[in-house]
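# Analysis of the macromolecular model
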Amino acid sequence: MKSTPFITEHLLQRCRKEQANQFQRARQQFDPASLADRKELSLLVEEAIREGENYTSIARGHAHLGLTERDLNDLIGPETAIRDRIDRFHQM
């Protein structure tokens, strides 16, 4: 399955920057903007998974950004957690 790119380079850069700064911010004031970026990424990936994608196909479709499955795991959590969330909300 070949994924059509849907994650922008700008969003991925913002998420990676937020992740890199995460440890430094542990003792600083909360930044809601970075949380919003990761939520946006998570929602985009969740939508793609609902449409039949998986982390592997998403990473392949965004290889030009340097996106990897590990990035997705680190930035938004395990694919199984997203699938579980989709299943929970689908059953409601």
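Just above, that's the structure.
Note that the structure is predicted; figures quoted are calculated from it, not measured.

### Overview of the overall build of the chain
Scanning the chain from terminus to terminus reveals five helices and zero strands. When the elements of the chain are put in sequence order from the N terminus, they spell out α-α-α-α-α. A total of 92 residues make up the chain; the buried ones form 35% of that total. Taking the intrachain contacts of the chain between residues at least 6 apart in sequence as the baseline, contacts between residues at least 24 apart amount to 71%. As displayed, the chain has an accessible area near 6300 Å², and 51% of this comes from carbon and sulfur atoms.

### Observations regarding the nonpolar core
By size, the foremost hydrophobic cluster in this structure holds 17 residues, and its most contacted members are I7, L41, V45, I58 and I76. Put simply, the parts of the chain that give this core at least two residues each are α1 (9-21), α2 (32-50), α3 (55-61), α4 (69-76) and α5 (79-91). When residues of this core are assigned to their parent elements, the largest contribution, four residues, is made by α2. Once residues within four sequence positions are removed from consideration, I76 is found in contact with R38, L41, S42, V45, Y55 and I82.

### Thoughts on the pattern of salt bridges
The tally for this structure, following the rule as stated, stands at eight salt bridges. The partner of R50 in a salt bridge is E46, with the nearest N and O atoms 2.8 Å apart. Here R50 and its partner E46 are both found in helix α2, four residues apart, which amounts to about one turn of the helix. Owing to a relative accessible area of 51%, R50 belongs among the exposed residues under this scheme. Taking relative accessible area as the criterion, E46 reaches 6% and is therefore assigned buried. Across the pair R83 and E79 runs a salt bridge whose closest N-O atoms are separated by 2.9 Å. Separated by four residues within a single helix, R83 and E79 lie in helix α5, roughly one turn from each other. Look at E79 and you get buried, because its relative accessible area is 18%.

### Overview of α5
Its 13 residues place the ends of α5 19 Å apart at the C-alpha level, agreeing with the 18 Å of an ideal helix rising 1.5 Å per residue. Burial in α5 covers these residues: E79, I82 and I86. Along α5, the residues classed as buried sweep out an arc of 65° about the axis, all on the same side. The exposed set on the far side of α5, more than 90 degrees from its buried face, consists of T80 and Q91.

Reading the values: the criteria
- Residues numbered from 1 in each chain as written.
- Predicted model: local features only at pLDDT ≥ 70, side-chain atom pairs only at ≥ 80, totals over all residues.
- Heavy atoms only, no water.
- Helix = DSSP H or I, 4+ residues; strand = E, 2+ residues; numbered from the N terminus.
- Buried < 20%, exposed > 50% of the residue type's maximum accessible area, 1.4 Å probe, protein only.
- Contact = heavy atoms within 4.5 Å.
- Areas by Shrake-Rupley, 256 points an atom, 1.4 Å probe, with all protein chains shown as cover.
- Core = buried A, V, L, I, M, F, W, Y, C linked by side-chain atoms within 4.5 Å.
- Salt bridge = Lys/Arg side-chain N within 4 Å of Asp/Glu carboxyl O.
- Expected span 1.5 Å × (residues − 1).
- Arc of directions from axis to C-beta.

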